[in-house]
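Here are the chains, one letter per residue:
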Amino acid sequence: MPGQKPHFRSSFLAAVFLVVVHLPLRTPATKLPPSEDLFVPPDLVALIAFKSSADEGRKLNFSVNARLDYCQWRGVKCAKGKVVRLVLESLGLKGRFAGDTLTRLDQLRVLSLQNNSLSGHIPDLSALLNLKSLFLDHNSFEGSFPLSIFPLHRLRTLDLSHNGLDGPIPNQLAGLDRLYYLRLELNRFNGTIPAFNQSSLRVFNVSGNNLSGAVPVTAALLRFDLSAFSDNIGLCGEVLHKHCETHVPFFSSSIVPQPAQGQDAQNQGILSSTPPKKKHMRTAAVVGLTAGILLVAAFLVGFSLLLKKTHKRKITRISSPTAASALAPHHVEEEEPTSPAAPQASNKSLEKLQLAKSGNLIFCGGEPQVYTLQQLMKASAELLGRGTTGTTYKAILDNQLIVCVKRLDAGLLSGLSKEAFEHHMGIVGNLRHPNLVPLRAYFQAKDERLLVYDYQPNGSLYSLIHGSRSARAKPLHWTSCLKIAEDVAQGLAYIHQTSRLVHGNIISSNVLLGAEFEACLTDYCLSVLVDVDDETGYRAPEARKSSRRATPKSDVFSFGLLLLELLTGRLPFQQPFLTVADLPNWVQSVREDKFEDARLLMLLNIATACVQASQEQRPTTWQILKMIQEIKDTDHGV
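Values in this document were obtained by computation on a predicted structure and should not be read as measured data.

A. Geometry of the pairing of strand β2 (residues 82-87). Here β2 lies mainly inside the structure; five of its six residues are buried. Relative to β2, strand β1 (residues 76-79) runs antiparallel, the two being bridged by four bridges. The partner of Val76 across the bridge, within β2, is Leu86. Hairpin remark: β1 followed by β2, antiparallel, with two residues in the connecting loop; positive phi at Lys80, about 55°. As defined by bridge partners, β2 adjoins strand β4 (residues 110-112) across three bridges and the pair is classed as parallel. Residue pairing for β4: Arg85 is matched across the bridge by Val110.

B. Representation of the sheet that holds strand β12 (residues 203-205). Overall, mixed pairing links the seven strands, which are arranged β1-β2-β4-β6-β8-β10-β12 in an open sheet. Single-partner strands in this sheet number two, and they are β1 and β12. Averaged over all adjacent pairs, the angle separating strand axes in this sheet is 15°, with direction ignored. With three bridges connecting them, strand β10 (residues 181-183) and β12 associate as parallel partners. Paired with Arg183 across the strands is Asn205, a residue of β12.

C. Just helix α2 (residues 42-54), in detail. End to end, α2 covers 18 Å across 13 residues, agreeing with the expected 18 Å (1.5 Å per residue, within 8%). For α2, the tally of buried residues reaches 11 of 13 residues, placing the bulk of the element in the interior.

D. Highlighting the state of the cysteines. Scanning the model with the defined rule gives two disulfides in all. Between the sulfur of Cys71 and that of Cys78 lies a disulfide, 2.1 Å long from S to S. With the S-S dihedral at roughly -90°, the linkage between Cys71 and Cys78 falls on the left-handed side. A relative accessible area of 16% places Cys71 in the buried class. Assessed through its relative accessible area of 6%, Cys78 is described here as buried. Residue pairing for Cys236: its cysteine sulfur links by disulfide to Cys244, the two sulfurs lying 1.9 Å apart. Torsion about the S-S bond of the Cys236 and Cys244 cystine: about 105°, corresponding to right-handed handedness. Once the disulfide-bonded cysteines of the protein chain are ranked by sequence position, their pairing pattern turns out to be 1-2, 3-4.

Cut-offs and rules
Counting starts from 1 at the beginning of each chain's written sequence and moves along it residue by residue. Residue-level local features of this predicted model are given only where pLDDT is at least 70; pairs of side-chain atoms are given and counted only at 80 or more, and the full residue set underlies all totals for whole chains, interfaces and linings. Working from all heavy atoms in the structure, the side-chain values ignore hydrogens and water. Accessibility here uses a 1.4 Å probe with only protein chains present; expressed as a share of the type maximum, an area under 20% marks a residue as buried, one over 50% as exposed, and anything in between as partly exposed. In DSSP terms, a helix is any run of H or I states spanning at least four residues, a strand is any run of E spanning at least two, and both are numbered starting from the N terminus. Note: two strands are recorded as paired if DSSP finds a minimum of 2 bridges between them. Convention adopted: a line fitted to C-alpha atoms gives each axis, helices being fitted over their contacting stretch, and angles between N-to-C directions are expressed from 0 to 180 degrees. For a helix, the expected span equals 1.5 Å multiplied by the number of residues minus one. Cysteine sulfur atoms that come within 2.5 Å of each other are treated as a disulfide pair.

Function cannot be read off these values alone, since they describe shape.
Dropping the structure here:
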């Protein structure tokens, strides 16, 4: 009652929370002191409501008793107290994605529930007007395509693959003009493919459905190779180089055989001799057969000549601007840290690697086989660089798919068994995160081992910071430093938490920039296979004698040096090792802004904590990520 000062216990607060879950979300007008305010944040309500329906196995540690810390829960990222990113991947969630749960997160930008066991229909998502990326793949969702997606005009990434969705793919989907990434493969969709023609569309896959009819001939769909449409028996058309046949019903009047003259006469009781038409028909058949054989022979000769001509022109055609613009879904590029302007070899075929003929190309993470080893070996190849673990090539297949092929140094892997390599690559190949460049496939035979990644056209962080030899390196703006640091920390934390492996080789040339200039880690989790000397200066003291001694805390040390490289534009081995106490003065001496924004100093403090000589004094990757997000949320009036 008014004027009374209530005394609440935690159990009563929980009871109040359960009531609030079922009430409209509004900020209550209250006269209670702030410390006793009964208001429960709407985003907290949404998260707890989602847990109650989708977490039958109790995998999430969401709790109403921790209501003030929900922004620190696993997979939750906030900005100014509002959830903007929710990534709950590969957690074994089992249950339903109920409506009126996560749809209350009105500031949500990224939602990923991929690789769980969620079932039922996808709820109404139309309230998520700020959503840019939606990953619901590798679950057990059913029902028709969720029409509530169409009001989400900011949506760029949509992945509903590997589910049990059916019915047609709505034509309205072609109206999402910002769509960049669309994967609908391995569902039960039927009907025709909409006329997708968004200029932004770069990733597309509808394979493994029940689609039929001609694929629309649009500039957008012509970018993609045949694998994007495979395993749809009814599809045809110019895009697939497959003629669309017109099937006439068996009993159509247009094909009912008309009686011949002789038969008609017999039916009238008039006998006739063998009609002279038979001779003409027989002669016509022989002539037609002969002409057909000649046509086939001419076609085979012409086709053979065309193949030779195509083979000669392959390099010229592939290197054209049109071909270069037809890019794969994600991409990777790797350079030598010490040779940013290393000369690139002229285009050649990967066949010159002289790989053993035995062995198969093994695709990872449930990916469909979109090309063969033979196609990969015949691809136009360009040397990107040589690193401590092997040589990297850019390969462009005949279907214009661009991949990055890393040939591991045979000498470094000589003592590794085939079974051990396969087991490790199986684990690494299952890692999927927006800030990791995915390993798509691998190959091994005798002493040869190849890793196939997506190609990244925007280059490496090394190139961004240091440019060419003729250009002077310049520190990045602190906001860019913060964004890249967060992306790298996200990917690194995922490796440490999901696989219990370590990256082992965190250097600026192993940070690639994605299509939206997001930072992605590559060359990860190979340190346990090879033992190489530290030639980069990034390695932690305890791991400098052997890369196999790397631990998560060793990765943290390397991450700290990467942060310093971002802040100063200087490589670790270009400067004598400074003490931790010297770092602020050194960083300030090479920057023009001189710590005008306090958040820059806070970022330096994170780097300082990471490069502590003692492993115990270094933070974990999740602590690093929390500190970076706190910097983003800090308001200093600027």
